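Notes for the structure review
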Amino acid sequence: MTVSRSAPLRPGDDAVRGPLAAASVSLETWAGQDGVHLLYADLDLMEVAALRRALGLPATGAETDADLVLAAVRRWGAEAADRLGGAFAFAVWDGRQQAVVAHRDPVGLRPLVYAHRPGQIVLGGDVRAVLTDPAVPDALDEDMLAAVFLDPLFQPETVGRTALRAVACLKGGHRLTVDADGAREDRTWSPEAFPRLPFRRVEEIGEALRAVLREVTAEAIADAPPGTVGTHLSSGLDSSAVTAFAAEALAERGLASPTAYSWLPAPVGPPEVDQAAVAATAERWGLTLVWAPPTADDILATLTGDATREPHVMRAPNAATLREAEVRGTRLLLSGWGGDEAASFSGRRLVTPHLLRTGRWGPVAERALRDPVEVLRRLRTYRAARRVSGPEPSFDALREGALRGEQDTFARVEWLRQATFPTLAPPPSDPHGYAAWLLRRGHLGARAGSWALTGAEVGIRTRYPLLDRRVLAVALGVPAEAWATRNRLRRRPFREALAGLVPDAVRLGGKREPSWNATLLRAQADALRRVGPMLTPAAVADRATFVDVDRLRAAVRALPVAPTPWEVVSLDGIRYLGIGALLRR
């Protein structure tokens, strides 16, 4: 499957199906049309039975996800997205408002980008499809590129932008309305609003999490033909949990376990601790285990691509998995991505200070009596971390550091001086607020959106049970003290939920990834050395206006034999230079 051209839509046309396509809508063409008409749809709904009941439909029927979304909008209007479970990005013509209205699911698991000019909107899942409309210019957003080269970890999608001036990104949990007055976005999802649940013990929370994860995972694989389910399996809790619940659900139906795909390299000799953890979970459920580490070629393909318009977030690490999955007939992958933000949230060193600030001394005193050394250690760690890191520096602060020579960057000085940077919201200091901030931050949707596009190219879907709204409701409904470290273990509610499902060596252990880190660094360093000679002003073309190519090439040449992760990450901006375009010519 390849990217489609944008399609001009007229009344009576079928909706454009995403994510690899885009719809072009003229408000003048649609003016005066009554009713609700689906324009664009990229849908992977969950909780369909509940939605059908709410719509007054029989338990089963021939209605597609698109039919259900259209019925929901006709019935509930602006509130329809609140009634939908799963992943979705869609746009409708709403005759009541005489407007195009688009929604993206709360976390942003399906991508949605758009280009607006007076009287017209072009929207879809893929920037490349939007750019096929001749009315959409492809001029670069110099401010976003400056931000990327100041902070290589920054992703324009997290602030509702792309690397192109004319193309915006609708963030997860937001609505876009386009009418004669222009285009405007508003937020429709507030994870802060999840109510606190009456849990008293960590064991109760574990039971509740186990129940909802069983329900969600079983539903996630219910429509997959036998033998087509796979899972991502690392050495961590999140992927191990999703793999275990999927294997259990399939076993209850008398079906073979899912195929587990690991980014780690196959052991040579005695396994490293992360390889042993992956193998233990696979053995527990009798899984076929496929070792699929990223190669230097995978990383080179990303570096020589063009991140201003191509999906790129975590593309290289997932490339080998998609290749292996396609060959083995896997059509649905389950990922544990997003567990850290809610289901297996650790509290991020915020729990004890928050309890003390809010006068809830009881849980702290109880822990202090049981393990005073650990409580003191946690407080000291928190204070030390705050002293060392403090709040994350703003882009303006990073720019000042770069202009003084204190912040490494390959951006040209004159470009940095004139850039206007986005303002990033600082995280709250209470654990519930922090978890909600993580869910709204946009990084989850940036990766999921990238994987939706690369997966669609080979006919593979990815679902994320730990980001299902039913799981989030339980995970964010717990009292803050449930996230406190006990017996030197964090994530206790989640570990309780996995008892008997995940081997204790994994469930009660810490996550260390020596083989993954070493493999990834080797592949990254190899790819960077191969891309170094390609970094010429001719290859970078007009983007040499923004980037000091000579300095960038010198940094690649100076890369040590065994680089640190930051030495590699600091060069990630290369993927925004589009050097592969010259190579392909």
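Everything in this summary refers to the structure shown in the same document. (Residues numbered from 1 in each chain as written. Predicted model: local features only at pLDDT ≥ 70, side-chain atom pairs only at ≥ 80, totals over all residues. Heavy atoms only, no water.)

Description of the nonpolar core
With 129 residues, the main nonpolar core has Val167, Phe494, Leu528 and Ile574 as its most contacted residues. The leading source of residues in this core is helix H7 (residues 237-252), at nine residues. Filtering out sequence-adjacent residues up to four positions away, isoleucine 574 remains in contact with Leu303, Leu528, Val531, Leu535, Leu552, Val556 and Ile579. Core analysis: the second largest hydrophobic core is formed by 23 residues, Leu51, Leu55, Leu70 and Ala72 among them. (Core = buried A, V, L, I, M, F, W, Y, C linked by side-chain atoms within 4.5 Å. Buried < 20%, exposed > 50% of the residue type's maximum accessible area, 1.4 Å probe, protein only. Helix = DSSP H or I, 4+ residues; strand = E, 2+ residues; numbered from the N terminus. Contact = heavy atoms within 4.5 Å.)

Considerations on the packing of helix H6 (residues 202-221) against H7
Two elements in contact, H6 and H7, have axes whose closest approach is 9 Å; the angle formed by their N-to-C orientations is 65 degrees. By the criterion of interaxial angle, the relationship of H6 to H7 is roughly perpendicular. Seen along the crossing, H6 lies across H7 with a hand that is right-handed. Contacts from Arg210, Leu213, Arg214, Thr217, Ala218 and Ile221 in H6 reach Val242, Phe245, Ala246, Glu248, Ala249 and Leu250 in H7. The class makeup of the residues in the contact of H6 with H7 is eight nonpolar, one polar and three charged. (Axes fitted to C-alpha atoms, helices over the stretch in contact; angles between N-to-C directions. Parallel < 35°, antiparallel > 145°, perpendicular 65-115°, else oblique. Left-handed = near helix turned anticlockwise from the far one by under 90°. Nonpolar A, V, L, I, M, F, W, Y, C, P; charged D, E, K, R; others polar.)

Some words on the sheet that holds strand S13 (residues 259-262)
Hydrogen bonds between backbone atoms are what pair the strands of a sheet, whose relative direction is either parallel or antiparallel. Pairing in this open sheet of five strands is parallel, and the strands run S14-S13-S12-S15-S16 from one edge to the other. Edge positions in the sheet fall to strand S14 (288-291) and strand S16 (461-463), since each of these pairs with one other strand and no more. Ignoring which end each strand starts from, the neighbouring axes of this sheet average 30 degrees apart. Relative to S14, S13 runs parallel, the two being bridged by four bridges. Within S14, the residue paired with threonine 259 across the bridge is threonine 288. Taken strand by strand, H7 contacts strand S12 (229-232) and strand S15 (332-334), and its axis lies near 160 degrees from that of S12. (Pairing = 2+ DSSP bridges.)

Let's talk about the pattern of salt bridges
Applying the stated criterion across every chain yields a total of 36 salt bridges. Aspartate 138 serves as the salt-bridge partner of arginine 309, at 3.7 Å between the closest nitrogen and oxygen. Note that arginine 309 is positioned in the loop between helix H9 (296-303) and helix H10 (315-328) and aspartate 138 in the loop between helix H4 (127-131) and helix H5 (142-150), a separation of 171 residues in sequence. The exposure class of aspartate 138 is partly exposed, given its relative accessible area of 44%. (Salt bridge = Lys/Arg side-chain N within 4 Å of Asp/Glu carboxyl O.)

Some words on the sheet that holds strand S2 (residues 16-17)
Strand order in the open sheet formed by six strands is S2-S4-S5-S6-S10-S11, with mixed pairing between adjacent strands. At either end of the open sheet lies a strand with only one pairing partner, and these are S2 and strand S11 (182-187). Sheet topology note: the S2/strand S4 (residues 36-46) ladder contains two bridges and is parallel. Within S4, the residue paired with arginine 17 across the bridge is alanine 41.

Considering the side chain of arginine 104
Considering the arrangement of structural elements, one finds arginine 104 in strand S6 (residues 99-104). Although buried, arginine 104 forms no salt bridge, and the nearest oppositely charged side chain, aspartate 105, lies 5.4 Å from it. Looking at arginine 104, its side chain comes within polar contact range of the main-chain oxygen of arginine 110, at 2.6 Å. Aside from chain neighbours lying at most four places away, what touches arginine 104 is Phe88, Ala89, Arg110, Pro111, Leu112, Cys169, Leu170, Lys171, Gly172, Gly173, His174 and Gly445. (Lys, Arg positive; Asp, Glu negative; His and termini not counted. Polar contact = N/O pair within 3.5 Å; in protein donor to acceptor, adjacent residues only side chain to side chain.)

Here's the deal with H9
The buried fraction of H9 amounts to six of the eight residues, a majority that puts the element mostly inside the structure. For H9, the complete set of buried residues consists of Ala296, Asp298, Ile299, Leu300, Thr302 and Leu303. Where H9 is buried, its residues meet H10 and helix H21 (514-531).

A closer look at the environment of alanine 562
Here alanine 562 shows up in the loop between helix H23 (549-557) and helix H24 (565-569). The spatial distance from the C-alpha of alanine 562 to the C-alpha of alanine 525 is 8.1 Å, given a sequence separation of 37 residues.

Thoughts on the pairing of strand S5 (residues 85-94)
The buried fraction of S5 is high, at nine of 10 residues. Bridging between S5 and S6 involves six bridges; their strand directions are antiparallel. Residue alanine 89 lies in a different strand from S6, and its bridge partner there is arginine 104. The antiparallel hairpin formed by S5 and S6 contains four residues in its connecting segment, where glutamine 98 sits at a positive phi of about 50 degrees.

Details of the packing of H10 against helix H17 (residues 443-456)
Axis separation between H10 and H17 bottoms out at 11 Å; the angle between their running directions is 35 degrees. Here H10 runs over H17; the crossing is right-handed. From H10, Arg315, Asn318 and Leu322 reach across to H17, where they touch Trp451, Thr454 and Gly455. Of the residues contributing to the contact of H10 with H17, the split by class is two nonpolar, three polar and one charged.

Section: the packing of aromatic side chains
This model, assessed by the stated rule, comprises 11 aromatic pairs. Arranged with centres 5.1 Å apart and planes meeting at 80 degrees, the rings of phenylalanine 154 and phenylalanine 395 form a pair that is edge-to-face. Placement of phenylalanine 154 in the loop between H5 and strand S9 (168-169) and of phenylalanine 395 in helix H14 (residues 395-403) is noted, with a sequence separation of 241 residues between them. Aromatic rings pair up to connect Phe149, Trp415 and Phe546 into one cluster. (Phe/Tyr/Trp six-rings, centres within 6.5 Å; stacked < 30°, edge-to-face > 60°.)

Some remarks on the environment of valine 113
Along the chain, valine 113 turns up in strand S7 (residues 113-117). Excluding its chain neighbours within four sequence positions, the residues that come into contact with valine 113 are Val122, Leu123, Gly124, Gly125, Asp126, Val127, Val130, Thr162, Val167, Ala168 and Cys169.

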